[in-house]
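The residues making up each chain are set out below.
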Amino acid sequence: MNIHEICNGVYYVGVNDRTTHRFEGLWPLPAGVSYNSYIVKGERVALIDTVHVAQSSKFLNRIGEIIGDAAIDYLVINHMEPDHSGSIEAIKAKYPALKIVGNGKTAAMLKGFYGIGSEDVVTVADGDVIDLGGGKTLKFVFTPMVHWPETMMTYVEQDGVLFSGDAFGCFGALNGGVVDSQMDTTPYYPEMYRYYSNIVAKYGQFVQKAIAKFDGVPIRYVCSTHGPVWHDEIARVVDIYSRMARFEGEPGVVVAYASMYGNTEELAETIAAELSRNGVRNIRIYNLSHSDLSMVLADVMRYSGLIIGGPTYNNGLFPEVERLLSALKSREIKNRYVGCFGSGSWAPVSSKNIKASLDCMKVEQVGEPFDMKCAATGADIEACRSLAAAMAARVNGVVE
Ligand SMILES: Cc1cc2nc3c(=O)[nH]c(=O)nc-3n(C[C@H](O)[C@H](O)[C@H](O)COP(=O)(O)O)c2cc1C
Ligand SMILES: [Fe+2]
Ligand SMILES: [Fe+2]
């Protein structure tokens, strides 16, 4: 038996994935990921979201442990991404009479992914309520683009339980406990920055709108689709999500560089040492050819400063530098202090090209871009110093 009752009549029936290497085929999962699903039991039974198709049979067993031979009356689909909708067919096969609850956009995707027609779907509008009897109601609150257009949240007013979909989620499989009060949550916080920056970041304005929609609503449990159920730490988690949604960075600088033979790396090290000398305490240096982009994005989301550098490569940008810039652009990264530097041996173009990319973003460029030729000279070291000093002044809050 593996029953987790979150509060009276609300149960956890999610599963852990410690097998998949990369979420969405892109983002590494060193600590795994959970696909969370929940049961709400009134007189009628509702299942909130499902899990990845690979774990359908385990999922059905979990549900059976809670409801025995009883039926499921409603399957609420807050989000159609297949990490959550993947077991709909297995659920429907076992519980053919259930109705799927979603909005108009959910219905179109149900048809598209699984061939499910409107006769099996209860289509709800923003704010609609379904009464399960037994003092349990489900209220549906539309939160589009957190993280897909059909996304909604489901709220059980009587218990203050919010099923929040991907919002407030993080990477990291669950290790026995489900609710934050049952565990040391420390490892999940870095995974929250990584999850948000990798997957949700582009939709910050929609996350802000969703948070605003619940302003003043009493919430005792935040049940997201990934990671722990939040209870004791709701305020901290909502604060982190709100700050990430506004692209509000903490004082600190990410130095992200590429280097083939170590010369550009020397500039990165010099810049970091100068940042430290200028009082910056949080400095994270990443070799873009070595560190996964996923980790770099997490710290870019966390800290207010970013310095990017790399060698010229066949008359253009070094591929990994280009990849980072493209990731920043597609996430519409904002409110960052950004500087750049580069290198080349005969006709360097790095800093000019990096700057051109940054010019298209809503970031404040700091310091003078520069390129080193071959290996560092005194003038290059001086350029590193002044870039670092300008950056330190901005992230430390010195008004010029
Ligand atoms: C495959 C390759 C392509 C390069 N293309 C250019 C180039 O187009 N223009 C240039 O000025 N330098 C070019 N370089 C030289 C490097 O940008 C230069 O040596 C730089 O200082 C390397 O820094 P590192 O020691 O950090 O790898 C190229 C080097 C390699 C290995
Ligand atoms: Fe999603
Ligand atoms: Fe998800």
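Just so it is clear, the structure is predicted and the values come from calculations on it, not from any experiment.

Asks: Before we go on, may I ask you to explain the site of ligand 1 in this structure?
Replies: Taken together, the neighbourhood of ligand 1 is formed by 18 residues, with Ser259, Met260, Tyr261, Thr264 and Asn315 sitting nearest. Here a nitrogen atom of ligand 1 and a backbone polar atom of Asn314 are 2.8 Å apart. Across the complex, the protein chains shield 86% of the 640 Å² of accessible surface that ligand 1 would expose by itself. Among the cavities detected, the one that contains ligand 1 is the largest pocket. Listed by contribution, the elements that provide at least two residues to the shell around ligand 1 are α8 (263-277), β19 (303-313) and β21 (334-344). Ranked by the residues each element gives to the shell around ligand 1, the list is headed by β19, at three residues. Along the lines of polarity and charge, the residues of the shell around ligand 1 split into eight nonpolar, ten polar and no charged.

Asks: Hey, could you run me through the coordination of the iron ion (ligand 2) in this one?
Replies: Around the iron ion (ligand 2), the protein supplies His79 (NE2), Glu81 (OE), His147 (ND1) and Asp166 (OD) as donor atoms, at distances of 1.9 to 2.4 Å. Here the iron ion (ligand 2) is ringed by four donor atoms whose angles at the metal span 86 to 165°, and the overall shape comes out irregular. Between the iron ion (ligand 2) and the iron ion (ligand 3) the interatomic distance amounts to 3.5 Å, and Asp166 serves as a bridging ligand to the pair. Taken together, the positions of His79 in the loop between β9 (74-76) and α2 (82-85) and His147 in the loop between β13 (136-142) and β14 (152-156) put the pair 68 residues apart, joining distant regions of the chain. Each member of the pair, His79 as well as His147, is classed as buried.

Asks: What's the story with the side chain of Asp120 in this structure? I'm lost.
Replies: On the secondary structure map, Asp120 appears in the loop between α4 (104-114) and β11 (121-123). At 3.2 Å, the side chain of Asp120 and the side chain of Lys92 are in polar contact.

Asks: Sorry if this is basic, but what is going on with α8 here?
Replies: Each α-helix winds once per 3.6 residues, and so residues spaced three or four apart point in a common direction. For α8, spanning 15 residues, the distance from its first C-alpha to its last is 21 Å, which sits close to the expected 21 Å at 1.5 Å a residue. Among the residues of α8, those classed as buried are Thr264, Leu267, Ala268, Thr270, Ile271, Ala272, Glu274 and Leu275. Tucked inside the fold, the buried residues of α8 contact β17 (250-257), β18 (283-287), β19, β21, β23 (370-373) and α12 (378-395). One or two steps after α8, the chain reaches Gly279, where phi turns positive at roughly 90°.

What counts, and where the lines are drawn
- Starting afresh in each chain, residues are numbered from 1 along the sequence in its written order.
- Both sets of labels track the order of writing: A upward for chains, 1 upward for ligands.
- A pLDDT threshold of at least 70 governs which residues receive local features in this predicted model, and a stricter bar of 80 or more applies before side-chain atom pairs are shown or counted, although totals over entire chains, interfaces and linings include all residues.
- Working from all heavy atoms in the structure, the side-chain values ignore hydrogens and water.
- Nearness is judged by heavy atoms alone; a residue qualifies as near a molecule or strand once a single heavy atom is within 4 Å of it.
- Residues adjacent in sequence count toward polar contacts only when both atoms are side-chain atoms; beyond that, a polar contact is any pair of N or O atoms within 3.5 Å, and within protein one must be able to donate a hydrogen and the other to accept it.
- For the accessible areas, the method is Shrake-Rupley and the probe is 1.4 Å, while residue cover comes only from the protein chains on display.
- Cavities and pockets were defined on a 1 Å grid built over protein atoms only: a cavity is a set of grid points that admits a 1.4 Å probe from which the probe cannot escape, a pocket is an open set flanked by protein on both sides within 12 Å along at least five of seven lines, and lining residues are those with an atom within 4 Å of any such point.
- To be counted as sitting in a cavity or pocket, a molecule needs more than half of its atoms within 2 Å of that site's grid points.
- The numbering of helices and of strands both runs from the N terminus, where a helix is a DSSP run of H or I of at least 4 residues and a strand a run of E of at least 2.
- When residues are sorted by character, Ala, Val, Leu, Ile, Met, Phe, Trp, Tyr, Cys and Pro go into the nonpolar class, Asp, Glu, Lys and Arg into the charged class, and all the rest, Gly among them, into the polar class.
- The donor set comprises N, O and S atoms within 2.8 Å of the metal, extended to 3.2 Å for Na, K and Ca; water molecules are omitted, so apparent gaps in a site may simply reflect that omission.
- Just to be clear on the cut-offs, tetrahedral is four donors with all angles between 85 and 135 degrees, square planar is four donors and octahedral six with opposite donors over 155 degrees apart and all others between 65 and 115, and anything else goes down as irregular.
- Think of it in three bands: with a 1.4 Å probe and only protein chains considered, a residue is buried below 20% of the maximum accessible area for its type, exposed above 50%, and partly exposed in between.
- Here the expected length of a helix is defined as 1.5 Å per residue gap, with one fewer gap than residues.
- Contacts are assigned to residue pairs with any non-hydrogen atoms lying within 4.5 Å of each other.

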